[in-house]
Amino acid sequence: MDISGAVVLVTGASSGIGEATARAASRAGARVVLLARREERIRQLAKELGESVALAVPCDVTDRVQVEAAVEAAIEKFGRIDVLVNNAGQGLQATVDAIDPEDFRAVLELNLVAPLTATQAVLPQMRKQGAGAIVNVGSGIIWSSLPGSGAYSASKAALAKLSAIARVELADDNIAVSMMFPSITETEFVRTVRGDVAGALKMEGSSGLAPQSPEGAADTILDLIRSGAEQADLVPEEYGGTLKS
């Protein structure tokens, strides 16, 4: 897909990979729709990018009504939606015996159910247009078995399987569904996990992995949009990915 002129909707656009993706898409000539709960941040970002080509929509992506309203707002302003980037997510650090079921449900709602809901919300418009691209942001952690990461890894592994099946189901509609697996990234993510924040910081610090830039992740997402490939990752080969040392 040619990104120039496309309408790209990004969830979790207030910081990190989501913000970087919105900026990169805008530089590539796209019109962007910014979804996040932190209204002030996305409104400032829309102002920076230019309000004629960027729309900020405060949205809790775990609320189907809000997601559907955001999609309607995007169509009202730009007339179409070409790309959905399901980036919003949260971690959960806890050993299996200590996982709070309520925390687990919240993480599943955000990391797994919300991407499904957003996908369902954009599909009618993409089908009407005869084309579309959906990129779901996973995590390279699913290729490891790190103590304390079970709940988060499970949510992202489930998202990967859901994406693979959606890719097959939507191929005849000319809608490409792709997965992007980042590695450790320089964002506020690890400090906002549910459960044991100190444990998450320790796990990240002892991983031996150098944190990557959100801009690099954004560039990889844009490459997936352009190519329609099934997946891409930024995970070193020794940790299960394809990134060469």
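The model shown is predicted, which means the values in this text are computed figures rather than measured ones.

A. Fine view of the sheet that holds strand β3 (residues 54–58). Spatially, β3-β2-β1-β4-β6-β7-β9 is the arrangement adopted by the seven strands of the open sheet, whose pairing is parallel. One side of each edge strand has no neighbouring strand; the edge strands of this open sheet are β3 and β9 (231–233). Sheet twist, expressed as the mean angle between neighbouring strand axes with direction ignored, is 15°. Relative to strand β6 (residues 132–137), strand β4 (residues 83–86) runs parallel, the two being bridged by four bridges.

B. Layout of the side chain of S153. Tracing the backbone shows S153 in helix α5 (residues 150–170). In this structure, S153 is in contact with I141 and I142, ignoring residues within four places of it in sequence.

C. Representation of the pattern of salt bridges in the model. Per the stated rule, a full pass over the model turns up twelve salt bridges. Between R64 and E68 there is a salt bridge whose closest N-O contact spans 3.6 Å. Taken together, the positions of R64 and E68, both in helix α3 (residues 64–78) and four residues apart, correspond to about one turn of that helix. A relative accessible area of 33% means that E68 is categorised as partly exposed. The salt bridge partner of D82 is R80, with a shortest N-O separation of 2.8 Å.

D. Region of interest: the packing of aromatic side chains. Enumeration according to the criterion identifies two aromatic pairs in this entry. When the centroid spacing of 4.8 Å and the interplanar angle of 45° are considered together, the rings of W143 and F181 count as tilted. Of this pair, W143 sits in the loop between β6 and α5 while F181 is found in strand β7 (residues 175–181), placing the two residues 38 residues apart along the sequence. Classification of F181 as buried rests on a relative accessible area of 3%. Taking the centre distance of 5.5 Å and the plane angle of 50° together, the rings of Y152 and F189 count as tilted. Here the residue Y152 occupies a position in helix α5, and F189 occupies one in the loop between β7 and β8 (194–195), the gap between them amounting to 37 residues. For F189, a relative accessible area of 29% corresponds to the partly exposed category.

Conventions used here
Residues numbered from 1 in each chain as written. Predicted model: local features only at pLDDT ≥ 70, side-chain atom pairs only at ≥ 80, totals over all residues. Heavy atoms only, no water. Pairing = 2+ DSSP bridges. Helix = DSSP H or I, 4+ residues; strand = E, 2+ residues; numbered from the N terminus. Axes fitted to C-alpha atoms, helices over the stretch in contact; angles between N-to-C directions. Contact = heavy atoms within 4.5 Å. Salt bridge = Lys/Arg side-chain N within 4 Å of Asp/Glu carboxyl O. Buried < 20%, exposed > 50% of the residue type's maximum accessible area, 1.4 Å probe, protein only. Phe/Tyr/Trp six-rings, centres within 6.5 Å; stacked < 30°, edge-to-face > 60°.

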